[in-house]
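Descriptive structure summary
Here is how the chains run, residue by residue.
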Amino acid sequence: MVRKYRGTEVRGRVSDTHVADVSLVLRSTRVITPGGTRPASIAVAGGRIAAVLPYDAEVPLGARLEDVGDHVVLPGLVDTHVHVNDPGRSEWEGFWTATRAAAAGGVTTLLDMPLNSLPPTTTVANLRVKQDVARPKAHVDTGFWGGAIPGNVKDLRPLHDAGVFGFKCFLSPSGVDEFPELDQEGLAGSLAEIAGFGGLLIVHAEDPHHLAAAPQRPGPRYADFLASRPRDAENTAIANLIAQARRLDARVHVLHLSSGDALPMIAVAKAEGVRISVESCPHFLTLTAEEVPDGATEFKCCPPIREARNQDVLWQGLADGTIDCVVSDHSPCTGDLKTPDFASAWGGISSLQLGLPAVWTEARRRGRTLEDVVRWMSSAPAELAGLTRKGAVEAGRDADFAVLAPDETFTVDPAELHHRNQVTAYAGKTLHGVVKSTWLRGTRIVENGTVAEPTGRLLERND
C-alpha cells in the first residue's frame, strides 16, 4: 500500500492523509529554501513540491529517493530575458537549442522576447505562430513577452488577454526594422493603455538624442564603441520613464541596466512608490571594458559593458535591492555577424547556459552567497513575471530544481555549449559552479550535461 503524504512535518515521518501520492523524494545536505539553506528532503507529488521535510524524514512506500549528497539543491532559475529568434532567424538561435542550453545551465523557465523573430510578437496572430513553433521544441517551460511598437496600441489588450507576460519597447533603434522604437509620445500612449489593464511595460532605456550626439567612430577599438553608447543615454531615458510611470501610476521595468549612475534616481523613485523594477545581466556584473580586446565583438551589446568601477556600483545596487534581478539577455547571432568592426557587428551576448556559474563566480569573490544568487536569478524574476509556481523550494511550487556543485570549476569551451552558435564572451574563462542535474516538475531533464527529450510547457500569464 502506498502511503499518502500530508505535506507537513510530523516528527520527521510521513502522514497518511493527503490525496496526492509522493513519487519522488530529493534529498540533500544543502537545500536553499525561502527560510535559508538547510539539510532537507523534498517530497514531490504530481509535479509539485508537496513538502520540504527534515533531512532524515521517512520516504513514502513507492516513492523514489534521489540523494544528491552535499550538492546544493536550488530552485530552477527563471530567465525572463531571452531572445530565441524562432521562427524567422532560427539560424541565430531556436527553441530547440535555446531551451537545451537553458536546461543545461539550470534554467527551468524562460520568457522569450518579442523581437528578432519573424514575425515579431506584436499581434495575437503572431503570438500564435511563435507558440506553434515553440510547443514541440521546448525543453523547459516557456512563456512570451508581447511587443509595444508604433501603431499597435490596439493590439496590446488582446495580447494581454492572450497570456503574454507584459510588453517590451525600445526608446532607441532596436537593430531590426520590424520592431521600431517608441518616441516619447508613443511611450506615453502605450504606457497609458497598458496601465489601464494593469499590465507591465519592460523598457530598453537608451535615449536616442544622446546616442545621436555621441561620437561615432567605426573600427575595432572597444573604447570607441563604448564612447558611442554613453551612460547619459541610459540615465536620461530612465529619468523620462520614471516621470511617465509616476504620472500614470504605471508598472515599468528597466531592462539590462548598465549605468550605475542611474541607481540613485531609481532608488528615490522606488522609495516614493513609483512602480519600477530593474534588472542587470551577467555580462555587466562579470565582464569589464578594460578586459575587452580590440576587435572582440563577441563582447558587444547595447547598452555596453562598462568599466570596472561602474561594475562595483552595480554590485552595490544588487546588495541594497535597487537592482531586483539578474537575467541573461541572451541575444545570439551567427558568427559571421560578429565582424571585427564594433560599429557594424551585431550586438548581443550569448550566455544562457553560463549565467549561473558566471554570476556565482563573481558573487563568491565579492562575499555574496548562493542564497543571494537564487534571489536574483530565480525568486525575483519569477515575481516580476507573476510566476507564482516558480522561483522557490517550498510546498505548492513546481518541482523545478537545479543541483549544483558550487565549488567545482570548469573552463568554458564554446564547442561544449548547447547554443546554436558557439560564440561567447566567456570562452576560456574558468568558472565556479557545475550544474549536475536539472529537474522540471519532478522529472530530471539534464544529468551530467546530457539533456533529455523536450518536456517543457508553454506558459501564459497567471499560470
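See the structure shown above.
For clarity, every value in this text was computed on a predicted model and none was experimentally measured.

Moving on to helix α4 (residues 184-196). Given 3.6 residues per helical turn, the α-helix brings residues three or four places apart onto the same face. Spanning 13 residues, α4 covers 18 Å between terminal C-alpha atoms, matching the ideal 18 Å at 1.5 Å per step. When we look at burial in α4, the residues that qualify are L187, A188, S190, L191 and I194. Lining the buried residues of α4 we find α3 (153-161), β10 (167-170), β11 (200-204), α7 (231-248) and β12 (251-254). For α4, the side-chain oxygen to backbone nitrogen distance between the N-cap and E185 is 3.2 Å, and the N-cap itself is D183. Phi turns positive, to about 75°, at G198, one or two residues after α4.

Under the defined criterion, the tally for this structure stands at eight aromatic pairs. Aromatic pair Y222 and F342: ring centres 5.3 Å apart, planes at 70°, arrangement edge-to-face. Of this pair, Y222 sits in helix α6 (residues 222-228) while F342 sits in the loop between β14 (325-326) and α11 (355-365), and the two are 120 residues apart along the sequence. According to the relative accessible area criterion, Y222 is buried, its value standing at 3%. Through pairs of rings, three or more aromatic residues link up here, namely Y222, F225 and F342.

Turning our attention to the pairing of strand β2 (residues 36-45). β2 sits mainly inside the fold: seven of its 10 residues count as buried. With eight bridges connecting them, strand β1 (residues 24-33) and β2 associate as antiparallel partners. Directly across from I32, in β2, lies its bridge partner T37. Linkage of β1 to β2, two consecutive antiparallel strands, is achieved through a turn of two residues. Inspection of the sheet shows β2 paired to strand β3 (residues 48-53) by five bridges, in the antiparallel sense. Looking at the pairing, I42 lines up with V52 of β3. In this antiparallel pair of consecutive strands, β2 and β3, the connection spans two residues, and G46 shows a positive phi of 60°.

Quick look at the sheet that holds strand β6 (residues 77-82) now. What the three strands build is an open sheet, ordered β6-β7-β8; its pairing is parallel. The open sheet has two free edges, formed respectively by β6 and β8 (141-144), since each of these has just one partner strand. Across this sheet, the average inter-strand angle for adjacent strands is 20°, counted without regard to direction. When β6 meets strand β7 (residues 107-112), the two strands line up parallel, connected through four bridges. Across the sheet, the residue bridging to D79 is L110, located in β7.

Rules behind the numbers
- Residues numbered from 1 in each chain as written.
- Predicted model: local features only at pLDDT ≥ 70, side-chain atom pairs only at ≥ 80, totals over all residues.
- Heavy atoms only, no water.
- Helix = DSSP H or I, 4+ residues; strand = E, 2+ residues; numbered from the N terminus.
- Expected span 1.5 Å × (residues − 1).
- Buried < 20%, exposed > 50% of the residue type's maximum accessible area, 1.4 Å probe, protein only.
- Contact = heavy atoms within 4.5 Å.
- Polar contact = N/O pair within 3.5 Å; in protein donor to acceptor, adjacent residues only side chain to side chain.
- Phe/Tyr/Trp six-rings, centres within 6.5 Å; stacked < 30°, edge-to-face > 60°.
- Pairing = 2+ DSSP bridges.
- Axes fitted to C-alpha atoms, helices over the stretch in contact; angles between N-to-C directions.

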